[in-house]
Each structure stands twice: as structure tokens, then as C-alpha cells.
Amino acid sequence: MKNKFILVAALAIGFAGCEPEFENEVNAAYTSGEADFTRYVAVGNSLTAGYMDGTVSRVGQTYSYPNLLAQQFALVGGGAFTQPSFTEDVNNLGGIAGVPGFGNRLVIDASQNRPEPIAGTSTVTLTPQAKAYNNMGVPGAKSFHLAAPGYGSQAGLLTGTANPYFVRHATSATATVLADAMTKNPTFFTNWIGANDVLAYATAGGAQANGVTPAVDHNATGNLNPATYGFNDITNSGVFNNVYTNIINTLTINGAKGVVCTIPSVTSIPYFTTVPFAPLSPTALGGATNINALNTQLYGPLDAIFTALGEPNRINPLTATAANPILINDADATDRSAQITGALTPTLGATTAAAFGAVFGKARQATSADLVVLPASSVIGSTNSAAPAGININGVTFPMANRWVLTSTERAKVAAATTAYNNSIVAIAASKNLAVADMNAVMNKLITGLQIETNSIYTANYFSGSGTEGQVLFSLDGVHPNARGYAVIANEIIKTINAKYKSNLPLHNPTYFPGISILPTN
């Protein structure tokens, strides 16, 4: 069966790649208010670094929200603002040469009607710059990484204790992100850290790196030692609170003012909202004849077994009149392997029945409460070479692995952790009289439509075609903003600054910023 269940609509319009036009005229009405922007420093993760389309690239980095903020700060006395050098990215491909998992930036290949890494070889290297910058956003960093010695050690890459982005510019092998930031002696800062403490779990579908074994929620285990956490584990909220307190205490030690940002809910980003839980149309399944065969040979028997065990809606027969949900493997489901094996042995024989039991023991159909991750779009309907013959079509006759779906149970863990982190962020900011940009609230508005000052309305309606492409604020990785999205974020922070510190800073016009990169061919 061909992989034809999820099709990404071709995007027929693009946006010019020109530099945005900023308000840079001298205007006496612009004031810094109670804030001092002389030395502005930004700390955070990929959202702070200007990550988009799956990487940091030379041009993409220029649209980071800290860089956009600094341009407006400069109108009221703000000083020079530096970012890690990407001048070696001569072809604007992004990626990091020779580092697995750090590929080129994504573009839309119009000839293939899909997003894919832009062709070419990355020229970005791990050559140490040994320099602190005003933008200390490090893609992939969690809260506790900011004060972790060795996070920029090249030797630590082999043990998984270092980050290649910080390796490129850490001032020494033992430097910490926070300490390097403080060498800039900030008079004003932004801090948007913490998303990865829960987002890594979510984007992995609640699975560990192998894609199958469940990752751990340390709010349940009570483990307070982040050095023992797996990368996809959820950080204990007590650990987060302590780490975040230390970060803010450090940033404000010399009296700096600043803005902290809350963590967005996963339900507001296209990575979790693009692929439907029920994408299997009757046509894609081969029509009524094939659907009847699937029901007779697989779905019907499984439904009968689960129903007899008190789970009547765990798997239902497929319908030939509407789209059908995918089969998934739910790590939290009751394991029915033994019962399936026993029930099918008389008709299939012991060996085949045992194979069915192993495959479907924790299977169920997805529901609207589950979130299918964006990369699953290329997996649903494909042949699984590791699956038994005859039941080897992902999502149809073979359950999607743990990594492809954030189940309702896993989703609840993410929501609880996000709420706890945001409560800490708001409380800690209040204790220091800092401004809070509620990016969680802003991003959630994208679900129904966020209207900005120009009366433009933006949404998270990702890849819905050329008619709405210009309204989407996200880049092709489904998690990070595009240039227009970073402009909207910068504006939200500016509005927070203006309100808290009695400043009068101008906003950017997001419509001047480019959207998604579309190439005729790649």
C-alpha cells in the first residue's frame, strides 16, 4: 500500500526574501522609560537563537526576536547587539557539517509538493569562536543546561553532555551559558527558557530516543537530579523552580530589569495539530472491498476480543463512508497480548497468534484527544520492514510506534508540567518586579486567530494551501516561528516592556517580513 494517506498541499505563493523595513528614524516620542537598554542580553533556547525551518542559518538568525528587539532598543539608547557568528554559512543552508541530526534548513519543493532539506552541503562547523554574545540563546537547551559546566565542551559531545551550538561559541570548555551571558554585564535582559524541559518529551511522542520505550515524567518519579535525566524526560517542576530562581537571581544581581516569557502549550503549534488522528480515507484504504477484507481479517476479530475484555471502543471496524483513525501503540494501554494470543490460536495457530498478540497487545485506534506529530505524515501508510508480513502497513495494519503520537495520557503530563513551570515563571518574576510576556496566551490565540495592530489575523492553520499561507507564523519544522512569527513575538515583548517600564518603543510591521521559503525545484 502506497504512502498516500497524508498529502501536504502545494503552496503556490511565496514572499520576497528582502530585508524588512524597520522604523529607524529619529523620533523624540520614543523613550526608554524606566528601562536601560545600554547592554541587552537574551538567554534562552532555540526560540531565542532565531531557529527556524529546523536549524539556525545565517539569514534566519537575523530575524531572531532578540535581534528585532535590539533594533528598536537602539532608537532609545540601546547599545550594540551581537549574535553567534554564522558568516561561514555562505549559502544560507544552516545545519552543522558532520554532526548527525543537524541537517540543512527546510524549504518547500514546489515540484514535489512537500517540505524537505534544501540541497547542498552545510559549511557551518564546530570551530570554536570562544566568545560571549548578547544573544545567548542555545537551541536544545533546557533550564538546567544554562548553568551546567561543560555544556560547551567539544569532548562532551561524545558523552551527550554538551551542545554543538554552544560548543561553537563557549568561551571555554568549562564555561556555562549563564556565566558567559553575565560577562556582558546586562542592564536589560529577556529570558525565554523552559520549553524544552517539556517539549522534548512531547515532540518525541513521549518516547525515549529509541522511539519505543516511554520517556519519564520526573514529576511522577520525584527524581531531583537532572544529571540522570534522559533528554526526552520531563523535568521535575521543583527542579525547574530552583533552576529558574537561580537564573533570575543571577541576571538581576546588578540591578538589571527584564522580561521573562511563559512556555507555550503544545496544542498551539503545528507540529501537533497538522496531522489528523483520522486520516485514512476510504479511497486511500482501497475502497469498500479492501475495507471489508481488513475488517474480516483484522479489525473485526480484534474488536471482538477487546469488547469481550470490557474495552468495546478500543478498536472499531473501519468504515467505507468516512475517514478512519490510525492504529497506534499506546504505552499506557492495558497489555492484552496473552488474551489476543489465546483467542486467535484456534484459527491462526499458536505461532501466528503469538505474533498477533505481540503486535496488538497494546494497540488501539487514535482518538481526537491524541496528537499525531508532524513527521508521522511520511510514515502513515508506509511499509514497516520490521513488522510481520501481512500486517506491516504503519497505522493501518501495524500500530504506529510510540514516537509518532502524543497520547491523551502523555498530553496530560505535558499540560501539567507546562502549567507548573509557568506558575513558577510568573511567581519568580513577581518577586523581582520583572515584566512577564505571556507567550502561552499569545500562542494559544493562534488556534482561533490572533489579530494584531495592523488588523492582520494569524493562525496555526499550517499547510492549508496558498489561500492562508501568508497567515501562518510558523516555519516548516512546525515548532519554531518563521521571520514573520518572530516579528509578532518581538512586538508582544515590546508591548509588555512599554506597559511595565513606561517605555515608548515602536512595533515592527510583521507584513514586511518573509514567510515560508518556496523553491520551484530543489
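Participant: Lay out the packing of helix α11 (residues 337-348) against helix α12 (residues 350-360) with the relevant residues and their values.
Facilitator: Packing of α11 against α12 leaves a shortest axis separation of 7 Å and a crossing angle of 150°. When the interaxial angle is binned, α11 and α12 end up roughly antiparallel. α11 and α12 meet at a crossing whose hand is right-handed. Facing α11, whose interface residues are Ser-337, Ile-340, Thr-341, Leu-344, Thr-345 and Leu-348, α12 presents Ala-350, Thr-352, Ala-353, Ala-354, Phe-356, Gly-357, Ala-358 and Phe-360. In terms of residue class, the contact of α11 with α12 is built from 9 nonpolar, 5 polar and no charged.

Participant: Hey, could you go over the pairing of strand β5 (residues 188-192) for me, with residue numbers and the actual values?
Facilitator: For β5, the tally of buried residues reaches 5 of 5 residues, placing the bulk of the element in the interior. Here β5 shows no split at all, with Phe-188, Thr-190 and Trp-192 on one side and Phe-189 and Asn-191 on the other all buried. Here 5 bridges tie strand β1 (residues 40-44) to β5, and the two strands are oriented parallel to one another. Paired with Tyr-40 across the bridge in β5 is Phe-188. Relative to strand β6 (residues 257-261), β5 is paired through 4 bridges, and the arrangement is parallel. From the neighbouring strand, Thr-190 faces β6, where its bridge partner is Val-259.

Participant: Now, about the pairing of strand β3 (residues 114-117): what can you tell me, with residues and values included?
Facilitator: The pairing of strand β2 (residues 106-109) with β3 spans 4 bridges and is antiparallel. When the bridges of β3 are listed, Asp-109 appears paired with Arg-114.

Participant: Hey, could you go over the sheet that holds strand β4 (residues 135-137) for me, with residue numbers and the actual values?
Facilitator: Read across the sheet, 5 strands follow the order β4-β1-β5-β6-β11 without closing on themselves; strand pairing throughout is parallel. The sheet is open, and its two edges are formed by β4 and β11 (435-437), each paired on a single side. When strand polarity is set aside, the average angle formed by the axes of neighbouring strands in this sheet is 15°. Running at roughly 165° to β1, helix α3 (residues 65-73) makes contact with β1, β4 and β5 of the sheet.

Participant: Hey, could you go over the sheet that holds strand β14 (residues 518-519) for me, with residue numbers and the actual values?
Facilitator: Overall, mixed pairing links the 3 strands, which are arranged β3-β2-β14 in an open sheet. The sheet terminates laterally at β3 and β14, the two strands that pair on one side only.

Conventions we followed
Residues numbered from 1 in each chain as written. Predicted model: local features only at pLDDT ≥ 70, side-chain atom pairs only at ≥ 80, totals over all residues. Heavy atoms only, no water. Axes fitted to C-alpha atoms, helices over the stretch in contact; angles between N-to-C directions. Helix = DSSP H or I, 4+ residues; strand = E, 2+ residues; numbered from the N terminus. Parallel < 35°, antiparallel > 145°, perpendicular 65-115°, else oblique. Left-handed = near helix turned anticlockwise from the far one by under 90°. Contact = heavy atoms within 4.5 Å. Nonpolar A, V, L, I, M, F, W, Y, C, P; charged D, E, K, R; others polar. Buried < 20%, exposed > 50% of the residue type's maximum accessible area, 1.4 Å probe, protein only. Pairing = 2+ DSSP bridges.

Any link to function would need more than the numbers given here.
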